[in-house]
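# Summary of the model geometry
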Amino acid sequence: MNVHLNFTNKGKLVIENFNNEELIEIFSRYMNTLTKKYAVDINVPEEANQNIVQDGSFKVVLSNVQCDVDTFFKELSRDIKVPLKKRSEGKLENVFKIQVIE
C-alpha cells in the first residue's frame, strides 16, 4: 500500500526548516517507534523522497497491514509535531493529510 503524507500549508512552512535527509530520518524514526504498537511494516523509499520540501509530500510504502492505517497516521501526526516544533514558531496544527494511493 502506497501512502502519501501531503503537507498542509503550515506543514510546508515548517518542513522548509529541514533538509531532505533530516525529514527522512525524523519520519522514519517516529514511524518505526509506532510499529512497536501497531502491526504494520513500513518502508521509506529514498528515491521517491528526493525533494520532500519541493513536492510537499512524504511517501511511504506499507506492507503486512494489520492495523487501522488512519489511526496509525493520526498518532504519527501528533508525535511528529515534537521535533518539527523545535524549528518553528507558534502552534502546530495538522502537519500533513493522508492520501492512500493503493
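Our subject in this report is the structure included herewith.

Calculation notes
Residues numbered from 1 in each chain as written. Predicted model: local features only at pLDDT ≥ 70, side-chain atom pairs only at ≥ 80, totals over all residues. Heavy atoms only, no water. Axes fitted to C-alpha atoms, helices over the stretch in contact; angles between N-to-C directions. Helix = DSSP H or I, 4+ residues; strand = E, 2+ residues; numbered from the N terminus. Parallel < 35°, antiparallel > 145°, perpendicular 65-115°, else oblique. Left-handed = near helix turned anticlockwise from the far one by under 90°. Contact = heavy atoms within 4.5 Å. Nonpolar A, V, L, I, M, F, W, Y, C, P; charged D, E, K, R; others polar. Buried < 20%, exposed > 50% of the residue type's maximum accessible area, 1.4 Å probe, protein only. Polar contact = N/O pair within 3.5 Å; in protein donor to acceptor, adjacent residues only side chain to side chain.

## A closer look at the packing of helix H2 (residues 20-34) against helix H4 (residues 69-85)
When two helices pack together, their arrangement is given by the angle between the helix axes and the distance between those axes. Where H2 contacts H4, the axes come no closer than 10 Å and their chain directions differ by 130 degrees. Comparing the axis directions of H2 and H4 gives the class oblique. Here H2 runs over H4; the crossing is right-handed. Residues Leu-23, Ile-26, Phe-27, Tyr-30, Met-31 and Leu-34 of H2 form the contact with H4, whose participating residues are Phe-72, Phe-73, Glu-75, Leu-76, Asp-79, Ile-80, Val-82, Pro-83 and Leu-84. Here the residues of the contact of H2 with H4 are counted per class, giving 13 nonpolar, no polar and two charged.

## Quick look at the side chain of Asn-49
Assignment of secondary structure puts Asn-49 in the loop between strand S2 (41-43) and helix H3 (52-55). Of the residues examined, Asn-49 reaches a relative accessible area of 1% and is grouped as buried. Within polar-contact distance, the side chain of Asn-49 engages the backbone nitrogen of Lys-59 at 2.8 Å. Residues contacting Asn-49, with those up to four places away along its chain left out, are Asn-20, Ile-24, Val-44, Ser-57, Phe-58 and Lys-59.

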